[in-house]
2 protein chains.
Amino acid sequence: MDRLSDAGSTGAGAMRFGANYVPSKGWFYSWLDFDPEAVRRDLADIASLGLDHVRIFPVWPWIQPNRGLIRRDAVDDVLAVIDLARAAGLGVAVDVIQGHLSSFDFLPSWVLTWHQSSVFTDRRVRAGLAEYVSELAGAVGTRDNCFAITLGNEVNNLYPTNDVDPAAASAWAAELLDVVRAAAPHLTALHSVYDDAWYAADHPFGAADAVTLGDLTTVHSWVFNGATAIAGGLAPAATSHADYLVSLAAAFGPPDRPVWLQEIGAPLPDVGADVGLFVHRSLATVSPNPALWGITWWASHDIDRALVDFPDREYDLGLFTVDHRPKPAGKALQEFLRSVPGRAPDGRRTGLVCPVDPVLDPLARAAVAPGSPFHLGWVRLRESGPVSIVAPGKARDAEHLASRGISELAVLGTELADFPC
Amino acid sequence: MDRLSDAGSTGAGAMRFGANYVPSKGWFYSWLDFDPEAVRRDLADIASLGLDHVRIFPVWPWIQPNRGLIRRDAVDDVLAVIDLARAAGLGVAVDVIQGHLSSFDFLPSWVLTWHQSSVFTDRRVRAGLAEYVSELAGAVGTRDNCFAITLGNEVNNLYPTNDVDPAAASAWAAELLDVVRAAAPHLTALHSVYDDAWYAADHPFGAADAVTLGDLTTVHSWVFNGATAIAGGLAPAATSHADYLVSLAAAFGPPDRPVWLQEIGAPLPDVGADVGLFVHRSLATVSPNPALWGITWWASHDIDRALVDFPDREYDLGLFTVDHRPKPAGKALQEFLRSVPGRAPDGRRTGLVCPVDPVLDPLARAAVAPGSPFHLGWVRLRESGPVSIVAPGKARDAEHLASRGISELAVLGTELADFPC
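Residues numbered from 1 in each chain as written. Chains lettered and ligands numbered in written order. Predicted model: local features only at pLDDT ≥ 70, side-chain atom pairs only at ≥ 80, totals over all residues. Heavy atoms only, no water.

(A) Spatial organisation of the overall build of chain A. Along chain A, the regular secondary structure elements total 17 helices and 13 strands. A compact globule built from 421 residues would reach a C-alpha radius of gyration of about 22 Å, and chain A, at 21 Å, matches this within 12%. By the burial criterion, 63% of the 421 residues in chain A qualify as buried. The long-range share in chain A, meaning contacts at least 24 apart out of those at least 6 apart in sequence, stands at 78%. Taken as a whole, chain A presents about 14,300 Å² of accessible surface, with 54% of it coming from carbon and sulfur. Counting 32 positive and 50 negative side-chain charges, chain A places the averaged centre of each group 3 Å from the other. (Helix = DSSP H or I, 4+ residues; strand = E, 2+ residues; numbered from the N terminus. Rg over C-alpha atoms; globule rule 2.2 N^0.38 Å. Buried < 20%, exposed > 50% of the residue type's maximum accessible area, 1.4 Å probe, protein only. Contact = heavy atoms within 4.5 Å. Areas by Shrake-Rupley, 256 points an atom, 1.4 Å probe, with all protein chains shown as cover. Lys, Arg positive; Asp, Glu negative; His and termini not counted. Charge placed at Lys NZ, Arg CZ, Asp CG, Glu CD.)

(B) Structural detail: the relation of the copies chain A and chain B. At an RMSD of 0.0 Å, chain A and chain B line up after a rotation of 180° and a shift of 0.0 Å along the axis. Interpreted geometrically, this transformation is the action of a two-fold axis. Minimal C-alpha separation from the rotation axis in chain A is found for Leu 32 of chain A, amounting to 3.8 Å. Residue by residue, 100% of the interface of chain A is reproduced at the interface of chain B, so both copies engage with the same surface. (Least-squares fit on C-alpha atoms with pLDDT ≥ 70 in both.)

(C) Inspection of the interface of chain A and chain B at higher detail. If you look at the interface, chain A gives 32 residues, while chain B gives 32 residues. Of the roughly 2,900 Å² buried between chain A and chain B, counting both surfaces, carbon and sulfur atoms make up 55%. Interface area lost by chain A to chain B is led by Asn 66, Trp 114 and Asp 309 of chain A, which between them contribute 20%. Scanning the region where chain A abuts chain B turns up six salt bridges. With a shortest N-O distance of 2.6 Å, Arg 71 of chain A and Asp 33 of chain B are connected by a salt bridge. There are 20 residue pairs in polar contact (both at pLDDT 80 or more) connecting chain A and chain B. Partitioned by chemical class, the residues of the side of chain A that touches chain B number 16 nonpolar, nine polar and seven charged. (Buried area = accessible area lost by both parts, 1.4 Å probe. Salt bridge = Lys/Arg side-chain N within 4 Å of Asp/Glu carboxyl O. Polar contact = N/O pair within 3.5 Å; in protein donor to acceptor, adjacent residues only side chain to side chain. Nonpolar A, V, L, I, M, F, W, Y, C, P; charged D, E, K, R; others polar.)

(D) Region of the structure containing the packing of helix α5 (residues 123-140) of chain B against helix α6 (residues 166-183) of chain B. Residues and elements named next belong to chain B. Running from N to C, α5 and α6 cross one another at 30°; their axes reach a closest spacing of 8 Å. The pairing of α5 with α6 is recorded here as roughly parallel in orientation. Helix-helix and strand crossings are classified by hand; for α5 and α6 the assignment is right-handed. Note on element contacts: α6 touches α5 through Ala 171, Trp 172, Glu 175, Leu 176, Val 179, Val 180 and Ala 183, opposite Arg 123, Arg 126, Leu 129, Ala 130, Val 133, Ser 134, Ala 137 and Gly 138. For the contact of α5 with α6, the class distribution of residues is ten nonpolar, two polar and three charged. (Axes fitted to C-alpha atoms, helices over the stretch in contact; angles between N-to-C directions. Parallel < 35°, antiparallel > 145°, perpendicular 65-115°, else oblique. Left-handed = near helix turned anticlockwise from the far one by under 90°.)

(E) Spatial organisation of the sheet that holds strand β8 (residues 217-221) of chain B. Residue and element names in this part refer to chain B. Read across the sheet, eight strands follow the order β7-β6-β3-β2-β1-β10-β9-β8 without closing on themselves; strand pairing throughout is parallel. The two strands at the open ends of the sheet, each matched to only one other strand, are β7 (188-190) and β8. Each adjacent strand pair in this sheet contributes to an overall mean axis angle of 25°, direction not counted. Two elements, strand β2 (residues 53-56) and strand β3 (residues 91-95), share four bridges in a ladder whose sense is parallel. What sits directly across from His 53, in β3, is Gly 91. Lying over the sheet, helix α13 (residues 275-286) contacts β9 (259-264) and β10 (292-298), oriented at roughly 165° with respect to β10. (Pairing = 2+ DSSP bridges.)

(F) Up close: helix α2 (residues 36-48) of chain B. All names here are of chain B. In this model α2 runs 18 Å from its N-terminal to its C-terminal C-alpha over 13 residues, within 8% of the 18 Å that 1.5 Å per residue would give. By the burial criterion, the buried members of α2 are Ala 38, Val 39, Asp 42, Leu 43, Asp 45 and Ile 46. Looking straight down α2, one finds its buried side chains confined to an arc of 150°; they lie on one side. Looking at the buried side of α2, the elements it contacts are β1 (16-20), β2 and α4 (72-87). Of the residues one or two after α2, Gly 50 is the one with positive phi, at around 95°. (Expected span 1.5 Å × (residues − 1). Arc of directions from axis to C-beta.)

(G) Highlighting the pattern of salt bridges. Residue and element names in this part refer to chain A. All chains considered together, the criterion is met by 44 salt bridges over all chains. Across the pair Asp 243 and Arg 382 runs a salt bridge, and its minimum N-O distance is 2.6 Å. Placement of the pair is Asp 243 in helix α11 (residues 241-252) and Arg 382 in helix α15 (residues 373-382), with a sequence separation of 139 residues. One exposure class covers both Asp 243 and Arg 382, and it is buried.

(H) Spotlight on the pairing of strand β10 (residues 292-298) of chain A. Residue and element names in this part refer to chain A. Buried residues dominate β10, accounting for seven of its seven residues. Sheet topology places strand β1 (residues 16-20) next to β10; five bridges connect them, and they run parallel. Note that in β10 the partner of Ala 19 across the bridge is Trp 297. Sheet topology note: the strand β9 (residues 259-264)/β10 ladder contains four bridges and is parallel.

(I) Geometry of the sheet that holds strand β3 (residues 91-95) of chain A. Residues and elements named next belong to chain A. Taken together, eight strands build an open sheet; the order of strands is β7-β6-β3-β2-β1-β10-β9-β8 and the sheet is parallel. Sheet topology places β7 (188-190) and β8 (217-221) at the edges, where each strand pairs with a single neighbour. Geometrically, the sheet is characterised by an average inter-axis angle of 25° between neighbouring strands, direction not taken into account. Where strand β6 (residues 146-150) meets β7, three bridges bridge the pair, whose relative direction is parallel. Considered in β7, the bridge of Ile 149 is made with Ala 189. Of the strands in this sheet, β9 and β10 touch helix α13 (residues 275-286), which is tilted by about 165° from β10.

Keep in mind these numbers describe shape, not what the thing actually does.
Structure (structure tokens):
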């Protein structure tokens, strides 16, 4: 199994395709009733589509119910999943701090109520988290099919329940990434945030963290963030959203830093009935992006409707039903994988100059959000072919543009007057 | 094993003595790593002292991690503990909603953060709790050594995190007690609150609930509530506090309603080094109380110092160490049990008229709190012999007084002018 560091080069390298593993039986509650046979069956489903990896989600408070207690049996269950994935021919990326999963926050009693403390800023809690991250990272690092460790799934969803400011949010992630690197130096260490980091002016987690912390940039494309509200679930604004987010990440990160589309899914209430078409269009649009390292679909399996209180859009995200039948998304993904062209040599691309820099100027982030004039302009231009995004400070940097294969620069008319060209 | 309903008559009935079962290995986190042999060993410790029952504490969110999922294996673990207790000759009282344990609140993700809801007032959460209580009560009700079900340990500690007003607090408990009775009609159904219900004017959980809801009244005597601050851990104000609380409960409840001293413990930082003396004095003072059904010591075992973040006073409450050595409290309790006299026929008792009625007038509750003139007066009088408390409205009710064996009425001088005699 290739390590991410081996396979992570962009350009001609093979793209990685995987699934975010949502257990069919008992969702993530199944960690409490670990059933290797059920996991084996789920992983066989995933491998049958031709996918090469899974992203998995241990649940923090069940592994570390007391700050001083990391349950060895629970860690062993995580290792057992990794070993079962290996047997199925799958690599594994592990998210450590869950933390947030599909609207539910899992937090231990030692940070709640009488012990209320921000997981981001409280020194005692951060020390406990560091021990947890170190122990789990060290353990999964012993498995050669484990290629990456992400701090936690969209940890910024733990805000505002856990207060934090931008400096503290960065420091928290940087500190824990150092813990990961110390415990598992050979693994790719990653940070993961949902897209308020890119789009919400007042959000304490910044786009700067996304493109500088960790060994590559991860993005999560969820079209219920406003993208489907523009013109429906199958319109370009929706089906190009993943490519847009990868393009933003590529524009504002260091040169050649790969971008992992770590989550993309097709929420039925937002996308509409023709999920297969959404899958095909989204994958076809994003996959030529030269910055893209790989794509990990959310999710492998549906959520059993016997489990209640999830937002409606979370139930039907699976590539498979809970009884292992492939769904339209799964079939569309499989079909795409069979036909996906190898990485073409970088073609010449149009670059669209962004009027703001969401990394340098977080307060301007709404100017790149779905529905913003810039986003709508990019979507229009994207209908005619690949469109890179160019940071405003790089628009006159010929070397930068050439290195990204950008042969032609566009500026949206409405922003033209403001642009320092 | 006698049911509480058989053994619950006061007067000449044998008093029940038990322990609140705190597992020696892994505290209540041990539910996540259930180890029957460790439980068997702990229960053997408890039985060796001559105790007749344990009170046990399943952890709600690990049994019902989703509102729609009650884990059968977790329920079976609770039943296994009850069966192991039977083998050790012990009866079992089960507290259902934990909920609160030694400063930690255990709450499922479906009532927290993005799903934030008051467990007391949210209709959806109450429906989920009703299912949980019904299923667990029904299950434990199949065991003939299980004699009582308490809604949860000091559920009023879940306030103020979970908002509630007095009417809603009462309705919540009454509703769930009906659920218990429907699921396990042959068991004693109980409500449990910590003593703010008696002492804090603004507390939404009322003394009225304590003395009317459930099949008997439970009280929890914790001398760090101000009792040891008066004159130290071995002074009468501390060592008579359990008797005081039982006396309050007897005074303001229906006639002949038994009172279970469901928790009493000797917190070292408050009581001081001579725990054995505290145990002896407390038990000797409270045990002649005619209202008393039984005494359940907190706790069976210490908390391992490897488990962190507990308040310091929680670690050393055990009758045994975590490696099964009897501690001074255990030895003192055992010694007391060997020498405890049988219930004497009710002697003639002095009754002290309370200046306020904390049941009818919750805002006046501070007037009976530890350190209040009434409490201090009662403590002084109690040094000369047993002192019942008489509700202000019953001071002229000769039949009431006679039925309680009260031959002599006292009124504190400072309150005399206000008392309607």
